[in-house]
Amino acid sequence: MILYDIWLKNHPSALSSFEEIKSVAHEKQMVVFLDYDGTLSPIVNNPDQAFMSTEMRSAVREIGEHFPTAIISGRSRNKCRKKIKLKMKREKKRSSMQMKVFQFVRLNNIYYAGSHGMDISTPTVSLNYGNHEYQTRTIDEKGNDMVNFCPVRDFLPRIQTIKDKLEKIAKDIKGASVEDNKFCLSVHYRCVNEENVGKLKEMVESTMEFYNDFRISEGKKVMEIHPIINWDKGRALQYLLDTLGFEDSSNVLPIYIGDDKTDEDAFKMIKSIGRGFPVAVSTTPKETEALYSLRDPTEVMSFLILLAKWKMGCALSKLV
Ligand SMILES: O=P(O)(O)OC[C@H]1O[C@H](O[C@H]2O[C@H](CO)[C@@H](O)[C@H](O)[C@H]2O)[C@H](O)[C@@H](O)[C@@H]1O
């Protein structure tokens, strides 16, 4: 507790700093970026059961009504709902559903970036982000023109090969599982006995030695397997700011709320932009680039509610 209090001095609560945040954000355009697991939903043993509460969904919906809002998640983004429903029926009794971020959030008034930002869906093509073959136009289910940006498409076949190999390893270790996040993979060990975790890690690491254009990063009881490219959640944030028309404006303040290691890249990006609010979600002191903090998804929800109410108040006072 004492340590946490010391940490809080350097990373003050976004709730108790709300007055300060409000005064900086007054008359500015805030753009909200949210992580999913551990930020909007509590961490649970089964990744397919990481549901967000109805209250949290309403809070995020409200935020989406008042600010441009995007979720940048490690999970895959896809939202082919019909396919998923059918699959859910068929696999009801089987173990892993591999829930996509949209299946949890189910909001149409926000943007989504999956696979740690390597798969982004936005309304416009970016002129600034390199190779246009990575951007493809699609029509979403509401008939809107959308652009999918994906800088790692070429890695897909190998990701599938790696997935097959890792699944073979996971099958032999009780509690281990492999989640297919389309452009990256998660090897989960939250439910693996302590004495088997080392063995699992060694086997995954030695398999990955044959794929030197992939890297492993550690998340919360998970090994994340990503293609090595110059892209991360920070670059995804920048891409979204650009395609939403906010990149070069000094009037724009990005806020990013996240709890895990890959969120640090987004915190760093906000710091390098020199404006905005990087907020780490943590119940324990930790090394972070974030300037502010929130303890858990409950505090995240309180903060989002406060932010939406404040914005609504500003809009109403302009009408009077
Ligand atoms: O970027 P995020 O949206 O935070 O995704 C990061 C990973 O989150 C999920 O795993 C974590 O949450 C699970 C459910 O609470 C938990 O069981 C697991 O131990 C955590 O690591 C998700 O399943 C992964 O695919 C994401 O990469």
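My aim in this report is to walk through the structure given alongside it, one point at a time. What you see is a predicted model, and the numbers here were worked out from it, not measured in a lab.

Once that is clear, we can look at the overall build of the protein chain. Helix and strand counts for the protein chain come out as 10 helices and 13 strands. Computed over C-alpha atoms, the radius of gyration of the protein chain comes to 20 Å, within 12% of the 20 Å expected from 2.2 N^0.38 for 320 residues, which places it in the range of a compact globule. Projecting the C-alpha coordinates of the protein chain onto the three principal axes gives extents of approximately 65 × 50 × 40 Å. For the protein chain, buried positions account for 50% of its 320 residues. With the model as given, the accessible surface of the protein chain reaches about 15800 Å², and the carbon-plus-sulfur share is 52%.

Spatial strand order, β5-β6-β4-β3-β2-β1-β11-β12-β13: 9 strands in an open sheet with mixed pairing. The outermost strands of the open sheet, each flanked by one partner alone, are β5 (135-139) and β13 (292-294). Each adjacent strand pair in this sheet contributes to an overall mean axis angle of 20 degrees, direction not counted. For strand β1 (residues 29-34) and strand β2 (residues 69-72), the ladder comprises 3 bridges, and the chain directions are parallel. Bridge pairing in β2 places Phe-33 opposite Ala-70. Across the sheet, helix α9 (residues 264-273) touches β11 (252-258) and β12 (277-281), and the angle it forms with β11 is around 160 degrees. Together, β1, β11, β12 and β13 form the strand contacts of helix α10 (residues 297-319), whose direction differs from that of β11 by roughly 155 degrees.

Taking 1.5 Å of rise per residue, 16 residues should cover 22 Å, and helix α6 (residues 156-171) covers 22 Å from first to last C-alpha, within 8% of that figure. Buried within α6 we find Ile-159, Ile-162, Lys-163, Leu-166, Ile-169 and Ala-170. Taken around the axis of α6, the buried residues stretch over an arc of 120 degrees, which confines them to a single face. Of the exposed residues in α6, the ones pointing more than 90 degrees away from its buried face are Pro-157, Lys-168 and Lys-171. On the buried face of α6, the contacting elements are β7 (177-180), β8 (185-188), α7 (194-208), β9 (214-218) and β10 (222-227).

Around the ligand sit 22 residues, and of these Asp-35, Val-44, Glu-179, Arg-190 and Lys-220 come closest. Asn-181 is positioned with one of its side-chain polar atoms (N or O) 2.8 Å from an oxygen atom of the ligand. Protein chains shield 99% of the accessible area of the ligand, which is 570 Å² for the free molecule. Looking at the shell around the ligand residue by residue, the class counts come to 7 nonpolar, 7 polar and 8 charged.

What counts and how
Along each chain, numbering runs from 1 in the same order as the chain's sequence is written. With the structure being a predicted model, the display of local features is reserved for residues of pLDDT at least 70 and the display and counting of side-chain atom pairs for 80 or more, all residues being used for whole-chain, interface and lining totals. Side-chain metrics in this entry use all non-hydrogen atoms of the structure; hydrogen atoms and water are not considered. To qualify as a helix, a DSSP run of H or I must reach at least 4 residues; to qualify as a strand, a run of E must reach at least 2; elements of each kind are numbered from the N terminus. To get the radius of gyration, use the C-alpha atoms; to get the globule rule, take the number of residues to the power 0.38 and multiply by 2.2 Å. Relative accessible area decides the class of each residue, using a 1.4 Å probe on protein chains only: under 20% of the type maximum gives buried, over 50% gives exposed, and in between gives partly exposed. Here the accessible surface of atoms and residues is derived via Shrake-Rupley with a 1.4 Å probe, and residues count as covered only by protein chains that are part of the display. Each pair of strands is called paired provided DSSP finds at least two bridges between the two strands. Axis geometry follows a simple rule: fit a line to the C-alpha atoms, using only the stretch in contact for helices, then measure angles between N-to-C directions, giving values from 0 to 180 degrees. We call two residues contacting when some pair of their heavy atoms lies within 4.5 Å. By this rule the span expected of a helix is its residue count minus one, scaled by 1.5 Å. Taking the helix axis as origin, the arc is that swept by the directions to the C-beta atoms. We call a residue near a given molecule or strand whenever any one of its heavy atoms falls within 4 Å of it. Here a polar contact is recorded for every N or O atom pair within 3.5 Å, except that within protein the pair must consist of a potential hydrogen donor and a potential acceptor, and residues adjacent in sequence are included only if both atoms are side-chain atoms. Three residue categories are used. Nonpolar comprises Ala, Val, Leu, Ile, Met, Phe, Trp, Tyr, Cys and Pro, charged comprises Asp, Glu, Lys and Arg, and polar comprises the others, including Gly.

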